[in-house]
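# Coordinate analysis (summary)
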Amino acid sequence: MTRAVLFTVALLAAGCMTDPTTAPDTPGALRFLALGDSYTIGEGVPEPDRWPVQLAAGLRASGLDVADPEIIAQTGWTVSDLGRGIDAADPQGPYRLVTLLIGVNDQYQGVPVGFYRPAFRASLARAVGFAGGEASRVVVVSIPDWGVTPFAARSPAGVAEGRDRAQIAAELDAYNAESRAETAAAGAHWVDVSAVSRERGATDVVEDGLHPSGVLYARWAAHALPAARAALGR
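Computed from a prediction, not measured in an experiment: that's the story for all the values here.

## Quick word on helix α3 (residues 51-61)
Where burial is concerned, most of α3 is hidden: 10 out of the 11 residues are buried. For α3, the complete set of buried residues consists of W51, P52, V53, Q54, L55, A56, G58, L59, R60 and A61. G63, located one to two residues past α3, shows a positive phi value of around 100 degrees.

## Side note on helix α4 (residues 79-89)
Taken together, the buried positions of α4 are V79, L82, G83, G85 and I86. One face of α4 carries all of its buried residues, which in axial projection span an arc of 165 degrees. Exposed and facing more than 90 degrees away from the buried side of α4 are R84, D87 and A88. Elements that come into contact with the buried residues of α4 comprise β1 (32-36), β2 (70-73), β3 (97-101), α5 (104-108) and α6 (113-130). One or two steps after α4, the chain reaches D90, where phi turns positive at roughly 50 degrees.

## Brief notes about the packing of α4 against α6
Closest axis-to-axis distance for the α4/α6 pair is 9 Å, and the angle between their directions is 30 degrees. The angle between α4 and α6 places the two elements in the roughly parallel class. Between α4 and α6 lies a crossing whose hand is left-handed. Contacts between α4 and α6 involve V79, L82, G83, I86 and D87 from the first element and Y116, A119, F120, S123, R126 and F130 from the second. Split into classes, the residues belonging to the contact of α4 with α6 amount to seven nonpolar, two polar and two charged.

## Some points on the side chain of E182
Mapped onto the fold, E182 is located in helix α8 (residues 165-186). Judged by relative accessible area, E182 falls into the buried class, the value being 8%. In this view, E182 contacts R117, F120, R121 and L124; residues no more than four positions away in its chain are not counted.

Conventions used here
- Residues numbered from 1 in each chain as written.
- Predicted model: local features only at pLDDT ≥ 70, side-chain atom pairs only at ≥ 80, totals over all residues.
- Heavy atoms only, no water.
- Buried < 20%, exposed > 50% of the residue type's maximum accessible area, 1.4 Å probe, protein only.
- Helix = DSSP H or I, 4+ residues; strand = E, 2+ residues; numbered from the N terminus.
- Arc of directions from axis to C-beta.
- Contact = heavy atoms within 4.5 Å.
- Axes fitted to C-alpha atoms, helices over the stretch in contact; angles between N-to-C directions.
- Parallel < 35°, antiparallel > 145°, perpendicular 65-115°, else oblique.
- Left-handed = near helix turned anticlockwise from the far one by under 90°.
- Nonpolar A, V, L, I, M, F, W, Y, C, P; charged D, E, K, R; others polar.

Below, the structure is given as structure tokens:
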């Protein structure tokens, strides 16, 4: 089943699809800012397959006049890198919708979760600021479990049997628990894509064996759609 078909099925199942003859098919008035790392910039996939781009298309298909996302993200970025990237890009809010997905590279680099939480809290506060101070306009997406991917099965230098997948999963669960708690405290929306990443992350990947394919990103976008609609007051 193709990415487009999967996303359409998800939209129909959610009752969000409108008549395609009346749904807007061009970027619109509701500005959208997407903040993150390789997952948000869509490492290894064409631009239309990036999950924020697919999310914007889904929102337009549901009748909302949403612009294509302005994306501030780069492969390899940690939470601190994202902060510097935001400074350099100098986005001018307010945005009607802001998404945030960050932290996998902090975990990959062994940053203790206790150091991650305040850094994430600061990133979330900036996201809320770009949303005009309205936390209800912010959607935070969980960090997917890269431990299930073929990349994780490969043996890094000095490791005989590949990476410890159980440890990766446990650390990411801890990271996500902290992110989710901060998101709830701020009053923003939380979207959990960890389960679907564990279900499909071993097969729905691009050539590097690590990053999601457009098909998996379509599933993420479908999971994020209800929260994004709520953030937009729909």
